[in-house]
Amino acid sequence: QRRVHGQHGRALRLEDSYGVDLVVVGSTAVCPTTGARIGKGEGFAELEWGILTLMGNISDPENTLVVTTVHDAQIVDDIPANELTSHDVPVDVIVTPTRVIWVAQRVAKPSGVKWELLSPQKLSQIRVLQQLKARIEKHSGILLPEAASETLPPTAERNGRNWGRGYGCGHKRV
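A short tour of the structure in this document, coming up. Please read all numbers here as calculations on a predicted model, not as lab measurements.

Considering the pattern of salt bridges
The tally for this structure, following the rule as stated, stands at 10 salt bridges. The shortest N-O distance in the salt bridge between Arg 106 and Glu 62 comes to 3.0 Å. Residue Arg 106 is located in the loop between strand E6 (100-102) and helix H3 (120-125), and its partner Glu 62 is located in the loop between helix H2 (44-54) and strand E4 (65-69); the two are separated by 44 residues in the primary sequence. A salt bridge links Asp 92 to Arg 106, with the shortest nitrogen-to-oxygen separation between them at 2.5 Å. Here the residue Asp 92 occupies a position in the loop between E4 and strand E5 (93-95), and Arg 106 occupies one in the loop between E6 and H3, the gap between them amounting to 14 residues.

Given below as structure tokens:
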């Protein structure tokens with residue numbers, strides 16, 4: 001993973017300035033009417049969105065395209081838009097093997113990190129969020145809220161070792 005990164009990109013620091021005008025998110029189900037989606041359940045797409053909007057890398061959240069790719073069978077009409085949480089990121093475009101759907105009545109997109117939803121355990125898994133929180137608290141002099149403690153699901157294992165090692169992909173550091 002790092003070898004590919006070094007060959008095809010460069011590491012970005014939290015303070016680097018860059019613009020994002022298209023975001024691709026994973027979905028297990030998505031509504032073509034409102035763009036409401038169900039992700040994989042850990043909220044990492046929402047965390048990335050929150051960080052990018054908070055840092056100004058997504059300067060216009062409502063007009064930044066959010067796209068998902070799913071199978072036609074994953075298109076559903078029964079995700080109530082009023083049941084989305086304050087951090088859920090809806091999509092603008094749904095791409096399936098047979099069609100491209102532009103969502104006409106998309107629900108509003110969130111902005112910023114919802115610190116009150118992040119448990120200490122979740123925060124401990126994601127170094128960039130730790131850095132961002134520390135920076136905000138230092139500059140503002142105010143402690144940011146956090147969610148109650150929780151037991152997180154086990155981390156993924158590959159070749160007998162934890163895969164992400166806490167570098168933003170949601171796995172514990174070894």
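Observations regarding the sheet that holds strand E1 (residues 22-25)
In space, the 4 strands of this open sheet follow the order E1-E4-E5-E6, with mixed pairing throughout. Here the strands that pair on one side only, and so sit at the sheet edges, are E1 and E6. Between one strand axis and the next, the sheet turns through 20 degrees on average, direction left out of account. In this structure, E1 lies alongside E4, joined through 4 bridges in parallel fashion. Directly across from Leu 22, in E4, lies its bridge partner Leu 65.

What about the packing of aromatic side chains?
Scanning all chains against the criterion turns up 0 aromatic pairs. The ring of Phe 44 carries the charged tip of Lys 122 above its face, separated from the ring centre by 4.3 Å.

Looking at the side chain of Lys 122
By secondary structure assignment, the location of Lys 122 is in helix H3. Owing to a relative accessible area of 9%, Lys 122 belongs among the buried residues under this scheme. Ignoring anything within four residues of it in the chain, the contact list for Lys 122 reads Glu 42, Phe 44, Leu 47, Glu 150 and Leu 152.

Quick word on the pairing of E4
Along a regular strand, successive side chains alternate from one face of the sheet to the other. Inspection of the sheet shows E4 paired to E5 by 3 bridges, in the parallel sense. Counterpart to Thr 68 in the pairing with E5 is Ile 94.

Details of the side chain of Ser 27
You can see Ser 27 is positioned in the loop between E1 and strand E2 (29-30). A polar contact of 3.2 Å, which involves the side chain of Ser 27, links it to the side chain of Arg 37. The contacts of Ser 27, once residues within four sequence positions are left out, are Arg 37, Ile 38, Gly 39, Thr 68, Val 70 and Gln 74.

The rules behind each value
- Residues numbered from 1 in each chain as written.
- Predicted model: local features only at pLDDT ≥ 70, side-chain atom pairs only at ≥ 80, totals over all residues.
- Heavy atoms only, no water.
- Salt bridge = Lys/Arg side-chain N within 4 Å of Asp/Glu carboxyl O.
- Helix = DSSP H or I, 4+ residues; strand = E, 2+ residues; numbered from the N terminus.
- Pairing = 2+ DSSP bridges.
- Axes fitted to C-alpha atoms, helices over the stretch in contact; angles between N-to-C directions.
- Phe/Tyr/Trp six-rings, centres within 6.5 Å; stacked < 30°, edge-to-face > 60°.
- Lys NZ or Arg CZ within 6 Å of the ring centre and 35° of its normal.
- Buried < 20%, exposed > 50% of the residue type's maximum accessible area, 1.4 Å probe, protein only.
- Contact = heavy atoms within 4.5 Å.
- Polar contact = N/O pair within 3.5 Å; in protein donor to acceptor, adjacent residues only side chain to side chain.

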